[in-house]
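A structural walkthrough
What follows is each chain in one-letter form.
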Amino acid sequence: MKTLLKIIGLLVLLGLVAVAAIAFVPIRATPPQGQVAADFKPAEGQGEYAMRLADCAACHTAEGGKPFAGGRPIESPFGTIWSTNITPDPETGIGGYTLDEFRHVLYDGVRRDGAHLYPAMPYENYRMASEEDVRALYDYFMNGVEPVKSEVKKTALDFPFNQRWGIRVWDWVGLASPGFKPRYNNPVLNRGAYIVETLGHCGACHSPRTPIFAQDGTDGTSDGFLRGGEIAGWSAPDLRGAKSAPQLWSASQLKAYLASGRNNHSAVTGEMSLVVQDSLQYLTNEDLDAVVAYLRHIGDGDGGKEELPASGEKPAPDATTALLNSADPSMDLGPRLYLDNCGACHFTNGKGADGVFPELDGNSLVTADQVTGLLHVILNGSRLPSTRERPADLAMPGFGKRLSDEEVAALATFLRGAWSNKAGPVDTATVAANRSGS
Amino acid sequence: MATNAPKKDVVIVGLGWTGSILAMELCEEGLEVLALERGDDRDTVPDFKYPEVADELKYGVRYGFMQKPRNSTLTVRRTLEETALPYRMLGSFLPGDGVGGAGIHWNGHNWRPMVEELRLRSYVEESFGADIIPEDMTIQDWGVDYDELEPYFDRFEKVAGIAGQAGNINGKIVEGGNPFEAPRSGDFPMPPLPQTVDAMMFADAARKMGYHPFPRPAANASQAYTNPYGMQLGPCNFCGFCERFGCLNYSKSSPQTCVLAALKRKSNFSYKVNSEVLKVELAPDGKTATGVTYVTAEGEEVFQPADLVILAAYQLHNVHLMLLSGIGQPYDPATGEGVTGKNYAYQMNGGTSLFFKDIEFNPFVGAGSNGMVIDDFAINQIDFGKEGFIGGSYISSGTTNGQPIRSMRLPPGTPSWGTAWKQATKEWYGHSMSIGSHGSNMAYRDTYLDLDPTYKDRHGRPLMRMTFNWKPNDIRMTQFMKTKIEPIAESMSPDIMQSSYKSEGAMYDVRPYQTTHNVGGAIMGTDPKTSALNRYLQSWDVHNVFVMGATAFPQNLQYNPTGMVGGLAYWSANAIRKDYLPNPRPLV
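Each chain has its residues counted from 1, following the order in which its sequence is written. Going through the entries in the order they are written, you letter the chains from A and number the ligands from 1. Confidence filtering applies because this is a predicted model: local features only for residues at pLDDT of at least 70, side-chain atom pairs given and counted only at 80 or more, and all residues used for totals across whole chains, interfaces and linings. To get the side-chain values, all heavy atoms of the structure are used, and hydrogens and water are removed first.

Side note on the overall build of chain B
What counts, and what does not: In DSSP terms, a helix is any run of H or I states spanning at least four residues, a strand is any run of E spanning at least two, and both are numbered starting from the N terminus. The globule rule used for comparison is 2.2 Å times the number of residues to the exponent 0.38, while the radius of gyration itself is calculated over C-alpha atoms. With a 1.4 Å probe rolled over the protein chains alone, any residue whose accessible area is under 20% of its type maximum counts as buried; one over 50% counts as exposed, and the rest are partly exposed. The contact criterion used throughout is that any non-hydrogen atoms of two residues lie within 4.5 Å.
Of regular secondary structure, chain B possesses 12 helices and 24 strands. For chain B, whose C-alpha radius of gyration is 23 Å, the value lies close to the compact-globule estimate of 25 Å for 588 residues. Here chain B holds 588 residues, and the buried ones make up 63% of them. Sequence-distant contacts, at least 24 apart, represent 76% of the contacts inside chain B between residues at least 6 apart.

Topic: the nonpolar core
Taken as a class, soluble globular proteins show a tendency for nonpolar side chains to be buried jointly. Spelled out, the test is: To define a nonpolar core, start from buried Ala, Val, Leu, Ile, Met, Phe, Trp, Tyr and Cys residues and group those joined through side-chain atoms within 4.5 Å.
A:F141, B:L22, B:I310, B:I435 and B:M466 are the most contacted members of the largest nonpolar core, which totals 238 residues. Discounting chain neighbours no more than four positions away, the residues touching B:M466 are B:L74, B:T75, B:V76, B:R77, B:F93, B:L316, B:Y344, B:Y448, B:L449, B:Y508 and B:N518. Listed in part, the 23 residues of the second largest apolar core include A:L375, A:I378, A:L403 and A:V431.

Quick word on the sheet that holds strand β17 (residues 372-374) of chain B
Residues and elements named next belong to chain B. Inclusion rule: Strand pairing is assigned whenever DSSP identifies at least 2 bridges connecting the two strands. Axis lines are fitted through C-alpha atoms, for helices just across the contact stretch, and the angle between N-to-C directions can take any value from 0 to 180 degrees.
Across the sheet, which stays open at both edges, the 6 strands sit in the order β8-β17-β18-β19-β16-β22 with antiparallel pairing between neighbours. The sheet terminates laterally at β8 (214-215) and β22 (496-500), the two strands that pair on one side only. Bridging between β17 and strand β18 (residues 393-397) involves 3 bridges; their strand directions are antiparallel. Bridged to I374 within β18 is I395. This element, helix α6 (residues 197-208), spans β17, β18 and β19 (432-439) of the sheet and lies at about 30 degrees to β17.

Some words on the pairing of strand β2 (residues 8-13) of chain B
All names here are of chain B. Under the convention used in this document: Handedness of a crossover: with both strands directed away from the viewer, a clockwise path from the first strand across the helix to the second marks it as right-handed.
Taking burial as the measure, the 6 residues of β2 include 5 buried ones, the bulk of the element. Both β2 and strand β14 (residues 301-311) contribute to a ladder of 5 bridges, which runs parallel. By the bridge assignment for β14, V13 is matched with L311. Taken together, β2, helix α1 (residues 17-27) and strand β3 (residues 33-36) constitute a β-α-β crossover, and its handedness is right-handed.

Structural notes on the UniProt feature "binding site: heme c 1" (unreviewed entry) in chain A
Residues and elements named next belong to chain A. This is how the line gets drawn: UniProt positions are given in the numbering used here, feature names are shortened, and annotations may be inferred rather than shown by experiment.
When the UniProt feature table is mapped onto this chain, "binding site: heme c 1" (unreviewed entry) is found at C56, C59 and H60. Assignment of secondary structure puts C56 in helix α3 (residues 56-60). For C56, a relative accessible area of 9% gives the class buried. Note on placement: H60 falls in helix α3. Residues contacting H60, with those up to four places away along its chain left out, are F68, A69, G70, S83, T84 and I86.

Digging into the domain arrangement of chain A
In plain terms, the rule: Domain start and stop points were drawn from an automatic or database domain assignment.
In terms of domain boundaries, chain A breaks down into domain 1 (2-58 + 89-142 + 159-174), domain 2 (187-297) and domain 3 (319-437). Computed over C-alpha atoms only, the centres of domain 1 of chain A and domain 3 of chain A are separated by 40 Å.

Let's talk about the interface of chain A and chain B
Using the following cut-off: The quantity reported as buried area is the accessible area (1.4 Å probe) lost by two parts once they are put together, taken as the sum for both. Definition used for salt bridges: Asp or Glu carboxyl oxygen within 4 Å of a side-chain nitrogen of Lys or Arg. What qualifies as a polar contact is a pair of N or O atoms within 3.5 Å, subject to a donor-acceptor requirement within protein and to the restriction that residues adjacent in sequence count only when both atoms come from side chains. Nonpolar residues are Ala, Val, Leu, Ile, Met, Phe, Trp, Tyr, Cys and Pro. Charged residues are Asp, Glu, Lys and Arg, and all others, Gly as well, are polar.
With 26 residues of chain A in contact, the opposing surface of chain B contributes 21 residues. Both sides of the chain A and chain B interface together cover about 1,800 Å² of buried area, and 57% of this is carbon and sulfur. It is A:R390, A:P391 and A:P397 in chain A that bury the most area against chain B; as a group they hold 23% of the surface buried on that side. Here chain A and chain B share 1 salt bridge between them. The salt bridge involving B:D43 is made with A:R383; its shortest N-O contact spans 3.3 Å. At the surface where chain A touches chain B, the tally comes to 10 residue pairs in polar contact (both at pLDDT 80 or more). Mapped onto the side of chain A that touches chain B, the elements with two or more residues apiece are α15 (333-341), α16 (343-346) and β6 (395-397) of chain A. Taken together, the residues of the side of chain A that touches chain B sort by class into 12 nonpolar, 5 polar and 9 charged.

Considering the side chain of A:T198
All names here are of chain A. Tracing the sequence through the fold places T198 in the loop between α8 (187-197) and α9 (203-206). A polar atom in the side chain of T198 sits 2.5 Å from the backbone oxygen of Y194. With near-sequence residues (within four places) excluded, T198 lies in contact with N125, Y126, M128, A129, F180 and A193.

Side note on empty space enclosed by the protein
Vacant regions in the atomic arrangement are exposed by a probe of water-molecule size rolled over the atoms. All names here are of chain B. Stated precisely, the cut-off is as follows: Cavities and pockets were defined on a 1 Å grid built from protein atoms only: a cavity is a group of points that admits a 1.4 Å probe but offers it no way out, a pocket is an open group of points flanked by protein on both sides within 12 Å along at least five of seven lines, and a lining residue is one with an atom within 4 Å of any such point. Grid points are joined across faces, edges and corners, and a volume is the space filled by probe spheres set on the points.
A complete count under the given rule lists 4 cavities of 30 Å³ or more for this structure. Approximately 150 Å³ is the volume attributed to the largest cavity. The wall of the largest cavity is formed by 16 residues, among which W111, R112, N178, E181 and R184 lie closest to the centre. Of all the secondary-structure elements, those providing two or more residues to the lining of the largest cavity are α5 (146-160) and β8. Residues of the lining of the largest cavity, tallied by class, amount to 9 nonpolar, 3 polar and 4 charged. Space inside the second largest cavity adds up to approximately 90 Å³. Around the second largest cavity sit 14 residues that line it, and C236, C239, F241, C242 and C247 are the ones nearest its centre.

Quick word on the state of the cysteines
All names here are of chain B. For clarity, the threshold we go by: Two cysteine sulfurs form a disulfide in these notes if their separation is within 2.5 Å.
Under the defined criterion, the tally for this structure stands at 0 disulfides over all chains. Among the cysteines around C236, which has no disulfide bond, C242 carries the closest sulfur, lying 6.6 Å off. Owing to a relative accessible area of 18%, C236 belongs among the buried residues under this scheme.

A few points about the sheet that holds strand β4 (residues 74-77) of chain B
Residues and elements named next belong to chain B. Strand order in the open sheet formed by 4 strands is β5-β4-β21-β20, with mixed pairing between adjacent strands. Since the sheet does not close on itself, it has two edges, and those belong to β5 (85-86) and β20 (448-456), each with one partner. One ladder, built from 5 bridges, connects β20 with strand β21 (residues 462-467); its direction is antiparallel. What sits directly across from K456, in β21, is P462.

Topic: the packing of aromatic side chains
All names here are of chain B. Selection criterion: Pairing of aromatic rings covers Phe, Tyr and the six-membered ring of Trp, with a centre-to-centre limit of 6.5 Å; geometry is then stacked below 30 degrees between planes, edge-to-face above 60, and tilted otherwise. Throughout this description, the term charge over a ring refers to an Arg CZ or Lys NZ atom that lies within 6 Å of the ring centre and within 35 degrees of the ring normal.
Enumeration according to the criterion identifies 49 aromatic pairs over all chains in this entry. Aromatic pair F48 and F65: ring centres 5.4 Å apart, planes at 85 degrees, arrangement edge-to-face. Taken together, the residues span a long stretch of sequence, with F48 in the loop between α2 (44-47) and α3 (56-61) and F65 in the loop between α3 and β4 at a distance of 17 residues. The structure contains a cluster of three or more aromatic residues connected by ring pairs, namely Y87, F93, Y344, Y346, F468, W470 and Y508. Positioned over the ring face of F188 is R184, at 3.7 Å from the centre of the ring.

Examining the UniProt feature "domain: Glucose-methanol-choline oxidoreductase N-terminal" (unreviewed entry) in chain B
Within the UniProt annotation, "domain: Glucose-methanol-choline oxidoreductase N-terminal" (unreviewed entry) is assigned to residues 228-336 of chain B. Across residues 228-336 of chain B, helical content stands at 19% and strand content at 28%; the span's end C-alpha atoms are separated by 44 Å.

A word on the environment of B:E117
Residues and elements named next belong to chain B. Here E117 lies in the loop between β5 and α4 (120-128). Residue E117 is classed as buried on the basis of its relative accessible area of 2%. Between the alpha carbons of E117 and Q140 there is a distance of 9.7 Å; along the sequence they are 23 residues apart. When residues no more than four places from it in sequence are discounted, the contact partners of E117 are W142, I379, Q555, L557, Q558 and Y559.

So, the packing of α5(B) against helix α12 (residues 562-580) of chain B
Residues and elements named next belong to chain B. In plain terms, the rule: In what follows, roughly perpendicular refers to angles from 65 to 115 degrees, roughly parallel to angles under 35, roughly antiparallel to angles over 145, and oblique to any angle outside these ranges. Helix crossings fall into two classes, left-handed where the near helix is turned counterclockwise from the far one by less than a right angle and right-handed where it is turned clockwise.
Remark: α5 packs on α12, axes separated minimally by 8 Å, with the N-to-C direction vectors making an angle of 110 degrees. Here α12 runs roughly perpendicular to α5, going by the angle between their axes. For the pair α5 and α12, the sense of crossing is right-handed. Across from E148, L149, Y152, F153, R155, F156 and V159 in α5, the residues of α12 making contact are T562, G563, M564, G566, G567, L568, Y570, W571 and N574.

Things to note about the pattern of salt bridges
In the structure shown here, the tally under the stated rule is 44 salt bridges over all chains. Where A:R111 meets A:D113, a salt bridge forms, and the shortest distance between an N and an O atom there is 2.9 Å. You can call A:D113 exposed: its relative accessible area is 55%. Note that B:E148 and B:R535 form a salt bridge whose closest N and O atoms lie 2.4 Å from each other. Placement of B:E148 in helix α5 and of B:R535 in the loop between β23 (519-521) and β24 (545-547) is noted, with a sequence separation of 387 residues between them.

Here it is as structure tokens:
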């Protein structure tokens, strides 16, 4: 709340100072980034692939809705933002947009009518995309998508956030310069950086936000980039720290997670499910390898090693495993609930089963500072997206009906301190708040 | 009056194991495939989710996942002289209902047949002489050999993810496996499950007597597994809710865990639930089918035109549809002529219970396919001439569950209610085990299926009539198994022992549960005069109708049928893809 007040204050102040400028300086559209022939025609499938990289569907296709017809609610700290219809319908979609107008949206977050988009539209990242990709996307949305005539809900945030001119000021302060500049001598790393930093817009969730709610760095040269953020109360984990999953996992495991939403350690939950479902599973092998190489390159560790096949000897059980294996009826509520509800799949050692049941020992969802994700999964369950490589939409059932708030709190507290996990407890009130919100 | 639906390339009746396999295979040919399933849709979550599915009363006793007789049943009689009466309460067998069919509620025993079983009549005649075959026994060769089917058994085992120990790889006997099994081209996809104490006690006793125990081939995953479709299984946790339940843990092989999510990704596949097929419609000349007529949940009749019709419903329903649709000449037991309905067979099982005061079996730790087996008295190990019967059994022990209502095994003489029952339950729960025989059942002139002359279903169609009884040959077989099992049991020194095997004069009783291994009725073979289907499961008479499932078994194997059913489905699918589609015609 304090942060929010600060942001409001800052925005209002900036707004006042800039009123004159806003009134008199015309909005300038960022020009094309890079040379592309005037008669450029994207290759077959190039536009659709760029759309997959940019994951337009995750926001612009509503659950059960027509592709790209908008209407999906995006929860922001300032209220609900409704995604727009980006089909080529001339009246309710973007059918009337010229290429320049389309680019103006992607690069500057400015609509054809001059209104500023909320930065839920990741133009902070898209403005780094190449002109070729912009052209391919434009071609796809004009020619490859069925027009859908559909008015979507208008976004109506409370004052002061309904004053869209304020975003213009925010843009001046918050936006980095446009265009992607290759930084490596290695084309694989450059490709990975391009995907992650531009169309892939990973930073939109995984980078922390500055006090004015801009991404704390939009490329790998910034220290804050991909150090962990938050989306709709869920933690978007750090991707660069030495203890972060992408740095601890082997390259092949990281790749499997991105392509199929699951690997020998973990399974995708929350908003990241949409990213796997609508975007990452469609990436080419080469692009996945590039993303993996780049993420490992910008990490603090050396990158995880391929796991060796387990030797015949089982390691001695740690204290948590020993307690669970004892099946001692007098054990505390938390571990007892684990045995009764979780152990069948995740096992007493918290290691689950490769590709099917996620590890809970060392799981970033379990140990995140924000417990919303963990509580959401316990209360409501979670379902993996069906992907090309792994079509099974494996699901964990919700336990909200079976467990009281006190029990969920005890279970979550146990999980956060079990095995090698060292995260703080969860109280009953937090569970209650999450239950009503879910 | 039926409305007409847009034409499909393929319509599949029933979305269980064979329906989903055929859909997958034919979608890969780019065909537009529609599956019609008369039951509800089902998925692991929410339909089998923990803890709701672990409800013995709802699913084990009240048959939550089974067909309701009021929606679909048949009439049963034991002899040609009796009047058949409707099977109004489920008992002897439990056909499944809904997407996944019986594939969701099986225990997961997955076997291949023996080489000799697939050419049973020839084997008996060559080895023991034709004159040992009783006059009324109508056993036949299948028309397809084990070697031809081997790649398709292998394929099904990889898709279903079977855990087991090979005993014969390309003719080389492997220690710890079944030395009498037909040669396999490779190992099982997964190592065998760990075993419970009863299974290990049985294996020890059998080994001491010179027998060859091996782990039961299990469609319960022993580890995390990914199949050729990319579908995944998680390791079985021995929860003890397997048969009659959907698996809560993604551990039991089923259409849901092994095929359906991959199938649903195919844009040329679609399926409709609560859509019951009433009839296969034939062209005026009767040589091809034009599609099927089905009825929706709202009672609307729809004609679904299709170039290819796959009957993939339960065995009984496939035969019923063929009889109702005029596919193949109905079998007449008086003349022995006709093929549709011929050679219905079942399964001959027996068992011995062992009670041990001082052993804790912890029966709540169980898996559907847990257990150790011996095949020392299998079909290919018995001198039929000497023993006076044709057939064989595998013998096994292993805990599948310790559910309180149905798995409360009590010593003989215990009252079934009151204080004495309570006392005995307290004393004996968890202190018993059993050794069972699971045996073949031959087919006979008067074990068959036809349309009932009296009773009709809710759509006004005649019910199917089953005529079936136990026969002296098969009773001699099960009595033989008793003489082999009891000495093993005695060698284990139980405090109390109780045997249950059918004895001379036993009549078929539909009330107690026996097994859902109903087979035959539209059998495969080499001669259109004696079989309804050719060796590719294609109707001899209507060449664009293929019939999946245990319907095709000329008599029953000594094994559980699913491995054979799965292998035949891939064998038939291959023939359709490679041979039939390029030139639709009778393949033989």
